[in-house]
Amino acid sequence: RGIRSARFVSGRRLARAPPFPWDDVMATGLGVLGFAPADFWKLTPKEFEAALRGRFGPEAGAVPLTHADLDMLMQRFPDLSGGDFL
């Protein structure tokens with residue numbers, strides 16, 4: 001069995017990110033864009049995005065960030081204290 005670990009920041013448990021939507025991505029790549037499975041699995045995310053833009057225009061795949069998404073990102077990646085940067 002795999003070990004599950006919870007992420008904590010300042011003693012607070014972070015919300016678990018939703019699972020990656022593989023079914024939707026595969027349906028789009030294999031069905032809508034028509035990639036052969038071998039070609040689909042060789043694509044980088046950037047290449048997949050470029051294929052979407054080529055098929056549907058420059059705004060394809062661009063989804064506005066929701067307030068809930070921003071909250072989740074701020075919890076997962078909090079600002080460093082004291083203005084320190086990596």
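From a predicted model like this one, the values you see are computed outputs, not experimental measurements. (Residues numbered from 1 in each chain as written. Predicted model: local features only at pLDDT ≥ 70, side-chain atom pairs only at ≥ 80, totals over all residues. Heavy atoms only, no water.)

**Let's talk about the overall build of the chain**
Here's step 1: When you go through the chain residue by residue, the secondary structure sums to four helices and two strands.
Here's step 2: Helices and strands appear in the chain in the N-to-C order β-β-α-α-α-α.
Here's step 3: Expressed as a percentage of the 86 residues in the chain, the buried residues total 12%.
Here's step 4: Looking at the chain alone, contacts between residues at least 24 apart form 28% of all its contacts between residues at least 6 apart.
Here's step 5: Accessible area for the chain stands at about 7600 Å²; split by element, carbon and sulfur atoms hold 59% of it. (Helix = DSSP H or I, 4+ residues; strand = E, 2+ residues; numbered from the N terminus. Buried < 20%, exposed > 50% of the residue type's maximum accessible area, 1.4 Å probe, protein only. Contact = heavy atoms within 4.5 Å. Areas by Shrake-Rupley, 256 points an atom, 1.4 Å probe, with all protein chains shown as cover.)

**Focus: the confidence of the model for the chain**
Here's step 1: Per-chain confidence: the chain averages 82 in pLDDT, with 79% of residues scoring 70 or above.
Here's step 2: Helix H2 (residues 37-42) holds the highest mean pLDDT among the elements of the chain, 97, whereas strand S1 (residues 8-9) holds the lowest, 65. (pLDDT = per-residue confidence, 0-100.)

**Brief notes about the nonpolar core**
Here's step 1: Val25, Leu33, Phe40, Phe48, Leu52 and Ala60 form the largest nonpolar core, which has six residues in total.
Here's step 2: Setting aside residues up to four positions removed in sequence, Leu52 forms contacts with Thr28, Leu33, Gly57 and Ala60. (Core = buried A, V, L, I, M, F, W, Y, C linked by side-chain atoms within 4.5 Å.)

**Observations regarding the packing of aromatic side chains**
Here's step 1: Here the structure, examined in full by the defined rule, presents four aromatic pairs.
Here's step 2: Considering the side-chain rings of Phe40 and Trp41, the 4.9 Å spacing of their centres and the 80° angle between planes classify their relative orientation as edge-to-face.
Here's step 3: Aromatic pair Phe40 and Phe48: ring centres 6.1 Å apart, planes at 85°, arrangement edge-to-face. Assigned by exposure class, Phe40 and Phe48 land together as buried.
Here's step 4: In this structure an aromatic cluster arises from ring pairing among Phe20, Trp22, Phe40, Trp41 and Phe48. (Phe/Tyr/Trp six-rings, centres within 6.5 Å; stacked < 30°, edge-to-face > 60°.)

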